[in-house]
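# Survey of secondary and tertiary structure
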Amino acid sequence: MLLVAAAVIPAVFLMVRVYRADRLEKEPIGLLLTLILLGIISTLLASITEWVGENLLELLLPADGLLYALLLNFVVVGLSEEGFKYLVLKRRTWRSPEFNCQFDGVVYAVFVSLGFALWENLGYVAAYGMETALARAVTAVPGHACFGVFMGVWYGIARRWELYGESHLSKRARRAAVVVPTLLHGFYDFIASMERDWFVLVFLVFVLLLFITAMRLVRRLSKDDHYL
């Protein structure tokens, strides 16, 4: 039970923070629970494509090469995970009447991302124990939340343009809602996988900047939010 709590509490804490930042109109709890469940489902879907993609890469490229590392982290992992998060997010919320504020996009995307992180974290903690739980509580779980923030920023912009009749701008923003978090996720995983000592410093600086930027975005977008 202690390990389960260690895996779950960081995600729940961040969900509460984002929920409280929703200034204009709180989202229905039922909808948010559904998004968490869909985030868990996206974890299972991504695990399949990651298994297939990794096995294909091992057949085509040497595992110790730079190209292998780039494709593994940015495409097989980054695009799979962020892509499935986006698909379940859009499927559930794009036409929802509850999606009536731009900041709602951030709330929805973060809840999907933290549902993903919660389930993923349970697996890691069950396999590797408390030390892993503590490490992921300050890196991977907030990392997924940050990827969700960037996805949600563009997703909310896309919704605004769609309602204003600017479909071409909405499509561009929806593409950005996948591409931006995929690039951030890929870079996060890429530098985390490097074994050279100086990459540890690069990783820590990147994580710190990612967290600071995401928190500032949440505060600013919450303050400037308006009904669409």
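The structure reproduced in this document is the subject of the present report. All of these numbers come straight from a predicted model, not from anything done at the bench.

## As for the overall build of the protein
Assigned secondary structure in the protein consists of eight helices and zero strands. Reading the secondary structure of the protein in the N-to-C direction produces α-α-α-α-α-α-α-α. Relative to the compact-globule value of 17 Å for 228 residues, the protein shows a C-alpha radius of gyration of 17 Å, a close match. Along the first, second and third principal axes, the C-alpha set of the protein runs to 50 × 45 × 30 Å.

## Considering the layout of surface pockets
Put simply, the largest pocket is a space of about 760 Å³. What lines the largest pocket is a set of 28 residues, among which Val77, Glu120, Tyr124, Arg136 and Asp189 lie closest to the centre. Listed by contribution, the elements that provide at least two residues to the lining of the largest pocket are α2 (29-60), α3 (66-93), α4 (104-128), α5 (130-137), α6 (140-163) and α7 (167-193). If you tally residues by element for the lining of the largest pocket, the top one is α2, at six residues. Tallied by class, the residues present in the lining of the largest pocket amount to 14 nonpolar, eight polar and six charged.

## Structural notes on the packing of aromatic side chains
The tally for this structure, following the rule as stated, stands at eleven aromatic pairs. Residues phenylalanine 74 and phenylalanine 190 carry aromatic rings whose centres are separated by 6.5 Å and whose planes lie at 45° to one another, so their mutual orientation is tilted. Of this pair, phenylalanine 74 sits in helix α3 while phenylalanine 190 sits in helix α7, placing them 116 residues apart in sequence. A single burial state applies to phenylalanine 74 and to phenylalanine 190, both of which are buried. Judged by centre distance (5.4 Å) and plane angle (75°), the ring pair of phenylalanine 99 and tyrosine 108 falls under edge-to-face. Taken as a pair, phenylalanine 99 and tyrosine 108 share a single burial class, namely buried.

## Section: the pattern of salt bridges
Pairing is possible between side chains that carry opposite charge, provided their charged atoms lie close to one another. Evaluated as defined, the whole model comprises three salt bridges. Between lysine 85 and glutamate 82 there is a salt bridge; the shortest N-O distance is 2.9 Å. Pair noted here: lysine 85 and glutamate 82 are both in helix α3, with a separation of three residues, about one helical turn. Each member of the pair, lysine 85 as well as glutamate 82, is classed as buried. In this structure, arginine 136 and glutamate 120 form a salt bridge, with 2.9 Å as the shortest nitrogen-oxygen distance. On the criterion of sequence distance, the pair formed by arginine 136 in helix α5 and glutamate 120 in helix α4 is long-range, its members being 16 residues apart. Across the pair, exposure class does not vary: arginine 136 and glutamate 120 are buried alike.

## Some points on the side chain of threonine 182
Tracing the sequence through the fold places threonine 182 in helix α7. Residue classification places threonine 182 among the buried residues on the basis of a relative accessible area of 7%. At 2.7 Å, the side chain of threonine 182 and the backbone oxygen of valine 178 are in polar contact. Here threonine 182 is in contact with Phe74, Gly78, Leu79 and Glu82, once residues within four sequence places are set aside.

Analysis parameters
- Residues numbered from 1 in each chain as written.
- Predicted model: local features only at pLDDT ≥ 70, side-chain atom pairs only at ≥ 80, totals over all residues.
- Heavy atoms only, no water.
- Helix = DSSP H or I, 4+ residues; strand = E, 2+ residues; numbered from the N terminus.
- Rg over C-alpha atoms; globule rule 2.2 N^0.38 Å.
- 1 Å grid on protein atoms, 1.4 Å probe; cavity = no way out; pocket = protein on both sides within 12 Å on 5 of 7 lines; lining within 4 Å.
- Points joined across faces, edges and corners; volume = space filled by probe spheres on them.
- Nonpolar A, V, L, I, M, F, W, Y, C, P; charged D, E, K, R; others polar.
- Phe/Tyr/Trp six-rings, centres within 6.5 Å; stacked < 30°, edge-to-face > 60°.
- Buried < 20%, exposed > 50% of the residue type's maximum accessible area, 1.4 Å probe, protein only.
- Salt bridge = Lys/Arg side-chain N within 4 Å of Asp/Glu carboxyl O.
- Polar contact = N/O pair within 3.5 Å; in protein donor to acceptor, adjacent residues only side chain to side chain.
- Contact = heavy atoms within 4.5 Å.

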